[in-house]
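Observations on the model geometry
What follows is the residue order along each chain.
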Amino acid sequence: MLWLLASAALVSTAQVPPVAAQESSDNRIIYPLEFFADVRATTALEMVNRVPGFVLDEGGSARGFGGLAGNVLIDGKRPSTKSEGLGNILARIPASSVLRLELIRGASGGFDLAGQAVVVNVVRRTDKPYELIVAEETRFFGAAVRPSARVNGSYKIGPAKFDGEVFVFSEKLNFDAIERHFSPSGALETIDIEPTTDPYFQAEVKAGFERNLENGGSVKGRFSGLASRYRELSPQQILDANLNLLTEQNSDFIQNQRQAEISVDWDHPLGPKTRLKLVALQSLQTERGLSAFTEALRTPGQSLSEFLSDSLQGESVLRATFSLKPAQKLTIETGAEGAYNFLESNVALSVTDANGRQPIPLPSSDVRIAEGRGEVFSTATYAQSPKLTLEAAMRVELSTIRQSGDTQLTRFFIYPKPRVLASYSPVKGRQFRFSVERTVGQLNFFDFVTSTNLTDDLTDAGNPELEPDRAWEYRAALEQRWGSKGSATLTFGYDDLQAVADVVPVFTNTSVFDAPGNIGAGQRFSINLESNIPLDFLGLKGAVLESNATWRNTTVTDPTTGADRRISNERKIRADFEFRWDIERLRSTATLFAFIGGNFESFRVSESQLRESSPFVEASWEYKGIKNTSIRFAVNNLAYETNRRTRFVFDGPRGIGQLARVDQREARRGPFGLIRVRRVF
């Protein structure tokens, strides 16, 4: 860290007054580099996070590219990679390499928005011969100190540009948990003391190139590799109601992961108004996990439970997109995507006691899954006037899933996915947006494989009959902007749900297991408010209060009780608030961030769980008085985040069985600090 500080010798004394954004006639708001002068940003990520009325969406994790899009474009194009999040991509672009940002609201011809209502396009300069960003971050977890570092850069040789990145990250989180077990009458029976340590290490390497072709096209290639190791250690003491030690036990979980991805992107103009883009991607990932749970530690009757999982998964994708602009007001984009995905997974559960090692039979313990998926799509965008823009799209997805191993099964799916999006801007600074879309979820291959939680004694069986969930999603939004930085967007949503993914019982010859499954139709109502309020009127020049709050209510029919309830694991309220103050005279930015996660429930066949969490609070101070350098001090988890879980366990299916016990677990972790130095060359 010291050599980074020593290399930053020049101090910036001049301050360029911020320049106002400009609203164009095609639903774009242009933010030139000078707009962010008071921010003293060092990366494109900092700039994007300062765009009023915009919240970064990293995109989904679905297979293929069709349902993956986030809400950021780079030079008008979606990044053709899946292993890198948009935040990481933006963090390696120096702010000095950005020419301008464009906020695209509603449908807009000529851009691949993939159904996103609001998108930022990062337009880069082309005249910089090289870029280099070096960052070192040290985290303090009590007495444990964990360093991390990131180095990324690029070099331009003629029309070609090469880039690379090395990233090493480590942390060591500590949790203190207490779980109390109550009888149905409410009497305290036992207490579990569960201190937990979670060390984590990750290393990544990336390399890429891009070349602009003489015909106006381009070719890009990228490789990324990742290796990580995660461990969770939890020695536990079991006490009686009078705090006398009854027994000790130990939980130990280790997971190792390796991942590699390579992608190629070719963009070629076919004429003055037509373009063809091809994207190819190949990825492979291995994962190995071992969970060991020792009961009655250091006693003659102790037993050891072990759950071993091994998996190999891969994906091959080829996507072709043809774009055409037959008229000034009309843009058409059409194409097709093909993907082949596979998962090979083996799991095994065993118990070792005085009688030796006993394997425990599990359903779906040896699984082979292969999916061939195709999608054809077409989108037409019509700019009827500077005030009104319409977009209509149709995608049709076809897939065949073949499963072998413990279960032999082949299934075929075909789903049409239409979308209509309209944006209307009656006056400057105000826009209405309406959309209707049919969405289809994507199956998680690991839901076909059995998993076990030894600590809680829970097993989720794999379910080969699982189908993708579907929904008709309706959205109506009103956006209002004022001044150069003020904005507020209110969005109302209604989803008509089919084949809702939740938990269902799976029967074997000897047992009944919980498993991921479809529980029928449902409804979801939501209200979201995003706001960006400058606080100059309070005398806090350069201060802004940003908020993003969502209320969501869902209704489905419980397959076990027949009663209406919420969808498992869906939060009713979720909100985050950030107070940020750019203090020019100190060349610094002070930030206070708070996240409120709200409560949520989950429902299994013979138990339900209620989870509650306290707010997460972070305070930071970032000094930017040294040219091309930022020094950030932060304290995370100032409010000592507490997570509570209440398990209601029945002796049979809920609604029929009797309440057997109530477990109340409370996990708390303390704050940790960090110091980060970032230098742009």
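All of these numbers come straight from a predicted model, not from anything done at the bench.

What counts and how
Residues numbered from 1 in each chain as written. Predicted model: local features only at pLDDT ≥ 70, side-chain atom pairs only at ≥ 80, totals over all residues. Heavy atoms only, no water. Salt bridge = Lys/Arg side-chain N within 4 Å of Asp/Glu carboxyl O. Helix = DSSP H or I, 4+ residues; strand = E, 2+ residues; numbered from the N terminus. Buried < 20%, exposed > 50% of the residue type's maximum accessible area, 1.4 Å probe, protein only. pLDDT = per-residue confidence, 0-100. Contact = heavy atoms within 4.5 Å. Pairing = 2+ DSSP bridges.

1. Some points on the pattern of salt bridges
Using the criterion set out here, one finds 54 salt bridges in the structure. For the salt bridge of E397 with K417, the shortest nitrogen-to-oxygen distance reads 2.8 Å. With E397 in strand β17 (residues 388-405) and K417 in strand β18 (residues 409-424), the pair connects residues that are 20 residues apart, well separated along the chain. In this structure, E397 and K417 share a single accessibility class: buried. Here E666 and R644 are joined by a salt bridge, their closest N and O atoms 3.1 Å apart. Here the residue E666 occupies a position in strand β36 (residues 659-668), and R644 occupies one in strand β35 (residues 642-650), the gap between them amounting to 22 residues. Judged by relative accessible area, E666 falls into the partly exposed class, the value being 34%. Each of E179, D456, E607, R645, R647, R661 and D663 takes part in one network of salt bridges that share partners.

2. Regarding the confidence of the model for the protein chain
For the protein chain, per-residue confidence averages 88 on the pLDDT scale, and 93% of positions sit at 70 or higher. Confidence drops under pLDDT 50 across residues 1-17; counting only partners more than four residues distant or on other chains, this segment forms 32 contacts.

3. Regarding the pairing of strand β29 (residues 573-583)
One ladder, built from nine bridges, connects strand β27 (residues 543-557) with β29; its direction is antiparallel. Considered in β29, the bridge of S547 is made with F577. As judged from the nine bridges shared by β29 and strand β30 (residues 588-596), these two strands associate in the antiparallel manner. Note that in β30 the partner of R580 across the bridge is T591. Between β29 and β30, which pair antiparallel one after the other, the connecting turn spans four residues, and R587 there sits at a positive phi close to 50°.

4. Details of the environment of N355
Among the structural elements, N355 can be located in the loop between β14 (330-353) and β15 (356-360). By relative accessible area, which is 66% here, N355 ends up exposed.

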